[in-house]
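As a plain string of letters, each chain reads:
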Amino acid sequence: MNTFFTILRRLAVAAGLMVAVLAINFTLIHAAPGDPASVIAGEMGGGDQAVIDSIKKAYGLDKPLPEQFITYIGKSVRGDLGMSYTYNKPVSSLIADRIGPTILLVLTALLVAIVVGTLLGVFASLKPKSFSSAVVTVFSLTGLAMPVFWTGILLVILFGKVWPVMPIAGMYDVRNYGATGWAAALDVLHHLVLPALTLTLVYLAQYSRLARASMLEVLSSDYVRTAKAKGLHQGVVVFKHALRNALMPLVTIAGLQFGNLVSGAVLVETVFSWPGLGTLALDAILGRDYPTLLGVLTFSSLFVITANLLTDLSYRWIDPRLRGK
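Note that the structure is a prediction, hence the values are computed from the model and not measured. (Residues numbered from 1 in each chain as written. Predicted model: local features only at pLDDT ≥ 70, side-chain atom pairs only at ≥ 80, totals over all residues. Heavy atoms only, no water.)

Draft legend 1. Quick look at the nonpolar core. Among the nonpolar cores identified, the biggest contains 26 residues, and Leu105, Leu199, Tyr203, Tyr207, Leu261 and Val268 are the most heavily contacted of them. When residues of this core are assigned to their parent elements, the largest contribution, 10 residues, is made by helix H8 (residues 181-219). In this structure Leu105 touches Leu192, Pro195, Ala196, Leu199, Ala265, Val268, Glu269 and Trp274, once residues within four positions along its chain are discounted. By size, the runner-up hydrophobic cluster in this structure holds 23 residues, among which are Leu22, Leu61, Tyr85 and Ala281. (Core = buried A, V, L, I, M, F, W, Y, C linked by side-chain atoms within 4.5 Å. Buried < 20%, exposed > 50% of the residue type's maximum accessible area, 1.4 Å probe, protein only. Helix = DSSP H or I, 4+ residues; strand = E, 2+ residues; numbered from the N terminus. Contact = heavy atoms within 4.5 Å.)

What follows is the structure, encoded as structure tokens:
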């Protein structure tokens, strides 16, 4: 029962936070310089003030900003994120077309970074003064020092010109157009390698350092020394007794970094022409397409808030002491 009320309380907080984020995004976007009605009129070949006024009326841009926000909130609850100025299509359908590639990229990078980074951190913590531990530390510092877009550009140069064995743009090979089943899946995975690797390297470095520091602290605790004194195998001590308690900081950082991960995906998608929400947001910014940009920000905010909510609830699975609270 306590868990049920905890979930309800977390959902209420998440809903309030979502409304606040929407209000901030809406205000900032509409405060930016530029008139979308003039942009639309220019794309139509130009027009006088009467044409611009008619465009504003058609898209509801002639109403006061608070009224526009209330209208947007009401429609968003029903799943209506408005019409795109650029594509002249519902924003919800544009996001539905692009969300799959972004989720595939983000979740792949996050999963690889957490698993490999944790294993590297555990490996380095077992012999903290060894050469292998120093190698992991140097690798982590290098990964943290390289911006994600710079890493992507280096990989494009390496695999596009120096050693052209990997695709460097897009999600599909035009020569495999119409492919289905395993052929299509392998084609997507082949194109996913470089974007996912670019996004993974930065966060892999962070998780490996965090896992190393957390494991060093846990391995020096009394209960771990007691487990070793009982003659338990080192693998049992490390992965069953120590690692589970060392996971709490990793889970916390993973949840908090979802926002950075999504923003990093925008840069990666731009570098590799990955057809996700990042390239859609960039096109919306260049074309002053307010509904599309706001829709992308709304979905990204929802994605991050949901991830943090799941992170909060996952604490109860990792630490049984929290289940009754």
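From this point, things continue past the structure.
Draft legend 2. Here's a closer look at H8. For H8, which comprises 39 residues, the first-to-last C-alpha distance of 47 Å sits more than 12% below the rise-based estimate of 57 Å (1.5 Å per residue). The largest bend along H8 measures about 40 degrees and falls at Leu192, with the proline Pro195 one to four residues further on. (Expected span 1.5 Å × (residues − 1). Bend = angle between axes of the 7 residues up to and from the residue.)

Draft legend 3. Empty space enclosed by the protein, seen in detail. The tally for this structure, following the rule as stated, stands at 1 cavity of 30 Å³ or more. There is about 50 Å³ of room inside the largest cavity. Lining the largest cavity we find Ile99, Thr102, Ile103, Val106, Val262, Leu277, Phe299, Ser300 and Phe303. Among the secondary structure elements, those contributing two or more residues to the lining of the largest cavity are helix H5 (91-126) and helix H13 (290-318). Per element, the largest residue contribution to the lining of the largest cavity is 4 residues, and it comes from H5. Counted by class, the lining of the largest cavity contains 7 nonpolar, 2 polar and no charged residues. (1 Å grid on protein atoms, 1.4 Å probe; cavity = no way out; pocket = protein on both sides within 12 Å on 5 of 7 lines; lining within 4 Å. Points joined across faces, edges and corners; volume = space filled by probe spheres on them. Nonpolar A, V, L, I, M, F, W, Y, C, P; charged D, E, K, R; others polar.)

Draft legend 4. Up close: the packing of helix H7 (residues 148-162) against H8. Taken N-terminus to C-terminus, the directions of H7 and H8 make an angle of 140 degrees; their axes are 9 Å apart at the nearest point. Taken together, the axis directions place H7 and H8 in an arrangement best described as oblique. By crossing handedness, the relation of H7 to H8 is classed as right-handed. Across from Val148, Thr151, Gly152, Leu155 and Phe159 in H7, the residues of H8 making contact are Leu194, Leu197, Thr198, Leu199, Leu201 and Val202. (Axes fitted to C-alpha atoms, helices over the stretch in contact; angles between N-to-C directions. Parallel < 35°, antiparallel > 145°, perpendicular 65-115°, else oblique. Left-handed = near helix turned anticlockwise from the far one by under 90°.)

Draft legend 5. Layout of the side chain of Thr198. Note that Thr198 resides in helix H8. Among the polar contacts made by the side chain of Thr198, one reaches the main-chain carbonyl oxygen of Leu194 at a distance of 2.8 Å. With sequence-adjacent residues up to four places away left out, Thr198 is seen in contact with Val148, Thr151, Gly152, Leu155, Val268 and Phe272. (Polar contact = N/O pair within 3.5 Å; in protein donor to acceptor, adjacent residues only side chain to side chain.)

Draft legend 6. Structural context of a nonpolar patch on the surface. On the surface, Phe149, Trp150, Ile153, Leu154, Ile157, Leu158, Val162, Trp163, Val165 and Leu267 cluster together to form a nonpolar patch covering roughly 910 Å² of accessible area. Take the nonpolar patch: its biggest share by element is 7 residues, from H7. If you trace the backbone, Ile157 turns up in helix H7. With a relative accessible area of 46%, Ile157 lands in the partly exposed category. (Patch = residues over 30% accessible without salt bridge, like charges linked within 9 Å, V, L, I, M, F, W, Y side chains within 5 Å. Areas by Shrake-Rupley, 256 points an atom, 1.4 Å probe, with all protein chains shown as cover. Salt bridge = Lys/Arg side-chain N within 4 Å of Asp/Glu carboxyl O.)

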